[in-house]
Amino acid sequence: MRNRNRREFLLGTGVMIANAAASPFLSADASRINPDFPATVGNPLSARTSQAGTAESDPRKAAVRGKMRGLMVDAGRVPETMDYYMRVIEFCADWELNTLQFRLADDQGSAMRFSSVPDLVTHGNAFTPEQLIGLVEHAQNHGVDLIPELESFGHTGYITRSPAYAHLLDSDPTGSSEFTGIIPVNPESLQLFEKLYREVAEVFPSIYLHGGCDEVNWGGSMLSRKALQTKTRVQIWAEYLNSLHQISVKLGKQFIVWGDFVLHKEPAILGQLNKSIIVMDWNYAGNNSAKFHETFQKVSANGSRGIGAPGLSCYKWGARVGTEQLRNIDAYADAYLETNDPNSLGVILTNWIPSRYVQNSIWDGFAYAAVAFNEGTATAQTSGFHRFVEKHYGARWNEMWDEVFQMLFDAAPYMKDRETASWMGLTLPVPWSNDEQLASLLKDASPRPNPFTRIRSLLVQLEPLVIENFADFQAFELCVQYLERMFWRESMVIEQAAKKPLDRKDTDLLIQTIAARDRDLAEALTRDWDNGRFPDSAAKLEPVFGLEPKDQLLFQWKRATAYSASLASHPDRFYQLVQTAKGA
């Protein structure tokens, strides 16, 4: 791993560790377990054999070894450094995952620099083909198949936001304003993807090519309206996806599409698709494995193949995800990995919008999924985080660790529009950063509980136990500190406003304290970002097209820091704002 661990630091300073001989976490890592990478790229999921050359003895494990078990990185939204992606690949190898889905583009821009199609909206930190080829080689050396994903219907703002291709935008005003699409009946669309797919195929030798095609809003263009006079939406959908599939086949690729429309919103599409198209089903709100398996059975009965796609970071969450997201992982693992149907290709854990979270604070979620995929969900539920702590941090498991993970997943704040209306957890705030937001907060007379103070206290006690990947543990602590500070600054101003009479001296002191703590945390979050992400990343410095405030943790905290600093410089304004809200 590229993250210098604490053991190296201790050994480098000559500190003697008494239990070094007894601890497997302090010995040299001479037994990295890798899933087999194929002798030829055409068979990326061949069954793994042991080091002695014998086949896997456990029938379940043997079956699972023949399926995809992997993670996804969202470079299309926020490109991260090559060093980080290499770490993810190494993590996959260490935790017996054999697949990494690499999202190359989204509405925000392309993370790959294309030469055949000029003038795309391309991220400033996009990668050259040569850089990506190096990443592919790193993945091959670690037994990981790197599957490229290039959005080809919805999420195509990297194309249609460019003036050169704005005429291909096909947004229907009666559809969701959140999503757009590219015109499926314009021949130029397919000509464009033929060029883009060819370049992708030259870089990524995987037999798979993921074309996206989820969350599409189309039908508003003149060409589409004309086509809809003679064909149904289902027919146009299927014909377009089949055409993309044919482009992939000519390049020697098997085509994957997301399943939201194909399986759920317009399920009649499935029956008209080429049977070779692989359908990747995602549903981040559910946790019923029987329902997920039923959906897969529809795919299989159609003569098609499917991949399960649970979610870690998704639209419902911010810096951390909740316990119900673990159950989502469990349900997909059970539905797609506990079946003998060869049409189930496996499971890939999706993880969206890196700017939502502190980069190295979520390895535990990846590890939980790896245990669930490889050894079953019962094992993951009873010992997934135990294994993570001992393997990744090199620390002894105890009751404090158990309390940390239990509390953190149970307390993770969520979006108010979550489907589970009866859920009694914390709703996800964006740190107040202007007069309007502060006034809105002060209308709520009751401070919310802050369980993250207790979690931070436990992590302080656990820190001396951490031997491996100490910087990752610090990122984990920083994430908890962010959550604790966000709820603290809310509750403090609410409590101050509730005082009778309102004390000017106390109010001045409070805003000065908030400003100082905001600044300290902003500096820590910035250092962390710059250490593992691009310092000049747009997601760090400015509002990004298509992202909500909750999706840009550091940028929004810096906004909040600037606002509290301005109030601390003019405490009379803060006093007046609190006084006004109190009077209201």
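Okay, so let's go over this structure.

**Focus: the overall build of the chain**
Part 1: When helices and strands are counted, the chain shows 22 helices and 11 strands.
Part 2: Accessible area for the chain stands at about 23,400 Å²; split by element, carbon and sulfur atoms hold 52% of it.

**Some remarks on the nonpolar core**
Part 1: Phe 102, Phe 193, Leu 196 and Phe 373 are the most contacted members of the largest nonpolar core, which totals 158 residues.
Part 2: Once residues lying within four places of it in the same chain are set aside, the contact partners of Phe 193 are Glu 151, Ser 152, Thr 156, Tyr 158, Ile 159, Ile 182, Tyr 240, Leu 244 and Ile 247.
Part 3: Grouped together as the second largest cluster of nonpolar side chains are 20 residues, Val 493, Ile 494, Tyr 563 and Ala 581 included.

**A word on the pairing of strand E8 (residues 254–258)**
Part 1: The buried count for E8 comes to 4 of 5 residues, which makes it a mostly enclosed element.
Part 2: Of the strand pairs in this sheet, strand E7 (residues 208–210) and E8 are connected by 3 bridges, and their pairing is parallel. In the sheet register, His 210 faces E8, and the bridge partner there is Ile 256.
Part 3: As paired strands, E8 and strand E9 (residues 278–282) are joined by 3 bridges and run parallel to one another. Residue pairing across strands places Val 257 opposite Val 279, the latter belonging to E9.

**Some details on the side chain of Ser 361**
Part 1: Within the fold, Ser 361 resides in the loop between strand E11 (344–349) and helix H13 (363–375).
Part 2: Relative accessible area serves as the criterion here: at 1%, Ser 361 is assigned to the buried category.
Part 3: Not counting the four nearest positions on each side in its chain, Ser 361 is found in contact with Arg 320, Ala 475, Phe 476 and Cys 479.

**A closer look at the sheet that holds strand E4 (residues 109–112)**
Hydrogen bonds along the backbone pair up the strands of a sheet, which may run parallel or antiparallel.
Part 1: Strand order in the open sheet formed by 3 strands is E3-E4-E5, with mixed pairing between adjacent strands. The strands lining the two open edges of the sheet, one partner per strand, are strand E3 (105–106) and strand E5 (122–127).
Part 2: Note that E3 and E4 share 2 bridges and pair antiparallel. Residue pairing for E4: Asp 106 is matched across the bridge by Gly 109.

**Examining the pairing of strand E6 (residues 145–149)**
Part 1: Of all the 5 residues making up E6, 5 are buried; the element is thus mostly covered by neighbouring parts of the structure.
Part 2: Neither face of E6 is left uncovered, since the one carrying Asp 145, Ile 147 and Glu 149 and the one carrying Leu 146 and Pro 148 both have all their residues buried.

**Considerations on the layout of surface pockets**
Part 1: Its boundaries defined by the atoms lining it, the second largest pocket holds a volume of some 760 Å³.
Part 2: Around the second largest pocket, the lining is made up of 30 residues, and of these Arg 77, His 155, Glu 178, Phe 179 and Glu 215 lie nearest the centre.
Part 3: Residues that form the lining of the second largest pocket fall into these classes: 11 nonpolar, 7 polar and 12 charged.

**Overview of the pattern of salt bridges**
Part 1: This structure, assessed with the given rule, holds 25 salt bridges.
Part 2: Its salt-bridge partner being Lys 265, residue Asp 260 comes within 3.9 Å of it at the nearest N-O pair.
Part 3: Across the pair Glu 484 and Arg 456 runs a salt bridge whose closest N-O atoms are separated by 3.4 Å. Of the two residues, Glu 484 is situated in helix H18 (residues 470–497) and Arg 456 in helix H17 (residues 452–462); the sequence distance between them amounts to 28 residues.
Part 4: When its relative accessible area of 29% is taken as the criterion, Arg 456 is described as partly exposed.

**Overview of helix H21 (residues 553–569)**
Part 1: Under the 1.5 Å per step criterion, the end-to-end length of H21 is 24 Å for 17 residues, consistent within 8% with the ideal 24 Å.
Part 2: Considered for burial, the residues of H21 that qualify are Leu 553, Leu 554, Phe 555, Gln 556, Trp 557, Ala 560, Thr 561, Tyr 563, Ser 564, Leu 567 and Ala 568.

**Side note on the packing of aromatic side chains**
Part 1: Under the criterion given, the structure shown has 36 aromatic pairs.
Part 2: Where Tyr 393 meets Phe 473, the ring centres are 5.5 Å apart and the plane angle is 90°; that geometry is what we call edge-to-face. Of this pair, Tyr 393 sits in the loop between helix H14 (377–392) and helix H15 (399–411) while Phe 473 sits in helix H18, and the two are 80 residues apart along the sequence. Take Tyr 393 and Phe 473: they sit in the same class, and that class is buried.
Part 3: Taken together, the aromatic side chains of Tyr 368, Phe 385, Phe 388, Tyr 393, Trp 397, Trp 401, Phe 405, Phe 409, Phe 470, Phe 473 and Phe 476 make up a single cluster linked through ring pairs.
Part 4: Its guanidinium or amino end placed over the ring of Trp 557, Arg 489 lies 5.3 Å from that ring's centre, counting from NZ or CZ.
Part 5: Directly above the ring of Trp 488 sits Arg 517, whose terminal nitrogen or CZ lies 4.5 Å from the centroid.

Reading the values: rules and limits
Residues numbered from 1 in each chain as written. Predicted model: local features only at pLDDT ≥ 70, side-chain atom pairs only at ≥ 80, totals over all residues. Heavy atoms only, no water. Helix = DSSP H or I, 4+ residues; strand = E, 2+ residues; numbered from the N terminus. Areas by Shrake-Rupley, 256 points an atom, 1.4 Å probe, with all protein chains shown as cover. Core = buried A, V, L, I, M, F, W, Y, C linked by side-chain atoms within 4.5 Å. Buried < 20%, exposed > 50% of the residue type's maximum accessible area, 1.4 Å probe, protein only. Contact = heavy atoms within 4.5 Å. Pairing = 2+ DSSP bridges. 1 Å grid on protein atoms, 1.4 Å probe; cavity = no way out; pocket = protein on both sides within 12 Å on 5 of 7 lines; lining within 4 Å. Points joined across faces, edges and corners; volume = space filled by probe spheres on them. Nonpolar A, V, L, I, M, F, W, Y, C, P; charged D, E, K, R; others polar. Salt bridge = Lys/Arg side-chain N within 4 Å of Asp/Glu carboxyl O. Expected span 1.5 Å × (residues − 1). Phe/Tyr/Trp six-rings, centres within 6.5 Å; stacked < 30°, edge-to-face > 60°. Lys NZ or Arg CZ within 6 Å of the ring centre and 35° of its normal.

All quantities given are derived from atomic positions and should not be read as evidence of function.
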